[in-house]
Amino acid sequence: MNGCQDDRMSDPAAVDPTTPVAPATPVAPVAPATPVVAVLGGTGEQGRGLARRLAMSGLRVVLGSRDPARAVAAAAGLPGEVSGTDNAGAATAGALVVVAVPWTGHRELLLSLADELSGKIVIDCVNPLGFDKQGAYALPVPEGSAAEQAQVLLPASRVVAAFHHVSAVLLLDETVDTVDTDVLVLGDDRAVTDLVQALADRIPGMRGIYGGRLRNAHQVEALTANLISVNHRYRAHAGLRVTDV
Ligand SMILES: NC(=O)c1ccc[n+]([C@@H]2O[C@H](COP(=O)([O-])OP(=O)(O)OC[C@H]3O[C@@H](n4cnc5c(N)ncnc54)[C@H](OP(=O)(O)O)[C@@H]3O)[C@@H](O)[C@H]2O)c1
């Protein structure tokens, strides 16, 4: 959609999300040069929630969907500069592209978008989980984790794992001003993990913390099953805090 995004991608500093953060409300006018964050599966709770908070921080956001009309409708319900299109259009538009689809659709979607995502920073928050009468549990993933699967499918993209433990309910709750949680950010490129940490830092209450190489993404994804148990037992939307950092 916007060829100049590719130019920015050659220099992570050029899309540095640490650039001044607009106040949460009211939404400040956004400069045309503001980097675009795309969200694949942006019509879902997690995608809309992240889109909402990032747009409130002053970033331009494009929601992707298998049905562009659904994305347009979802975008209309969000504050800030948010638009909607199909997943391919969103992947093309975004300098940073969040993957927020269910695990069952992960492989097929990313395979289909390998060209659009080439050269992009891909932020994978997908938790491969199963559910039965005992609750949530981690599914085995041949590549090791959803994020590693993404990196295998997208060799020309730089994949980062992040936002696995962030509650979509809190992200979408208009009465919640700060989302108090740390976000573990994993990846193999320091400049890119720094960038995604800074992206998390834009959301009030949130803090991006480097969590290791992509090969350690499995346990971060799997830990979500434990958090779901915590939420169930304590009727909460639990987050995580890393101490002494
Ligand atoms: N919900 C949370 O609190 C939370 C927190 C952290 C991480 N996550 C992770 O974020 C991801 C999305 O979670 P969610 O709760 O937002 O899920 P969701 O609502 O079930 O799905 C998100 C969107 O993905 C699209 N989608 C559904 N099936 C698909 C398929 N087979 N192929 C491609 N796209 C498909 C749908 O959009 P269209 O029909 O419009 O295409 C849907 O609106 C999950 O992997 C989850 O593990 C969720």
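Residues numbered from 1 in each chain as written. Predicted model: local features only at pLDDT ≥ 70, side-chain atom pairs only at ≥ 80, totals over all residues.

(A) Representation of the overall build of the protein. On a plain count of helices and strands, the protein comes out with nine helices and ten strands. Counting over 245 residues, the protein shows a buried share of 47%. Expressed as a percentage of contacts within the protein between residues at least 6 apart in sequence, the contacts between residues at least 24 apart total 71%. (Helix = DSSP H or I, 4+ residues; strand = E, 2+ residues; numbered from the N terminus. Buried ≥ 20, exposed ≤ 12 C-beta atoms within 10 Å, placed from the backbone. Contact = placed C-beta atoms within 7 Å.)

(B) Summary view of helix H2 (residues 45-56). The end-to-end C-alpha separation of H2 is 16 Å, in line with the 16 Å expected for twelve residues at 1.5 Å each. Across the twelve residues that make up H2, a large majority, eleven, are buried. Residues of H2 that are buried: Gln46, Gly47, Arg48, Gly49, Leu50, Ala51, Arg52, Arg53, Leu54, Ala55 and Met56. Looking at the buried positions of H2, the neighbouring elements they touch are strand S1 (36-40), strand S2 (60-65), helix H3 (68-76), strand S3 (82-86), strand S4 (96-99) and helix H7 (168-172). One or two positions beyond H2, positive phi appears at Gly58, with a value near 105°. (Expected span 1.5 Å × (residues − 1).)

(C) Quick peek at the packing of helix H5 (residues 103-112) against helix H6 (residues 146-153). Close contact between H5 and H6 brings their axes to 9 Å; oriented N to C, the two are set at 15°. In this view, H5 runs roughly parallel relative to H6, as classed from their interaxial angle. As for how H5 packs across H6, the hand of that crossing is right-handed. Taking contact as the criterion, the partners of Trp103, His106, Arg107, Leu110 and Leu111 in H5 are, on H6, Ala146, Gln149, Ala150 and Leu153. Split into classes, the residues belonging to the contact of H5 with H6 amount to six nonpolar, two polar and one charged. (Axes fitted to C-alpha atoms, helices over the stretch in contact; angles between N-to-C directions. Parallel < 35°, antiparallel > 145°, perpendicular 65-115°, else oblique. Left-handed = near helix turned anticlockwise from the far one by under 90°. Nonpolar A, V, L, I, M, F, W, Y, C, P; charged D, E, K, R; others polar.)

(D) Layout of the site of the ligand. Near the ligand, the surroundings consist of 24 residues, among which Gly41, Gly44, Ser65, Gly105 and Ala168 are the closest. Among the secondary structure elements, those contributing two or more residues to the shell around the ligand are H2 and H5. Counting residues per element, the shell around the ligand draws most heavily on H5, at four residues. Of the residues belonging to the shell around the ligand, the class tally is nine nonpolar, eleven polar and four charged. (Near = placed C-beta within 6 Å.)

(E) Main features of helix H9 (residues 217-234). End to end, H9 covers 26 Å across 18 residues, agreeing with the expected 26 Å (1.5 Å per residue, within 8%). Residues of H9 that are buried include every one of Ala217, His218, Val220, Glu221 and Ala222, and no others. Positioned one or two residues after H9, Arg235 has a phi angle of 45°, which is positive.

(F) Layout of the nonpolar core. By size, the foremost hydrophobic cluster in this structure holds 65 residues, and its most contacted members are Ala38, Val39, Leu40, Val98, Val99, Ile123 and Ala162. Residues in contact with Ile123, not counting those within four places in the same chain, are Leu96, Val97, Val98, Val99, Val160, Ala162, Phe163 and Val196. (Core = buried A, V, L, I, M, F, W, Y, C linked by C-beta atoms within 7 Å.)

(G) Broad picture of the pairing of S2. When you tally the buried positions in S2, you get six out of six residues, the bulk of the element. Where burial is concerned, the two faces of S2 agree: the one with Arg60, Val62 and Gly64 and the one with Val61, Leu63 and Ser65 are both buried. Looking at chain direction, S1 and S2 are connected through four bridges and run parallel. The residue of S2 that forms the bridge with Val39 is Leu63. Between the parallel pair S1 and S2, the chain is carried across by H2, and the sense of this crossover is right-handed. The sheet contact formed by S2 and S3 spans five bridges and is parallel. Paired with Val62 across the bridge in S3 is Ser83. (Pairing = 2+ DSSP bridges. Right-handed = clockwise from strand over helix to strand, strands pointing away.)

No statement about biological role is implied by the geometric values presented.
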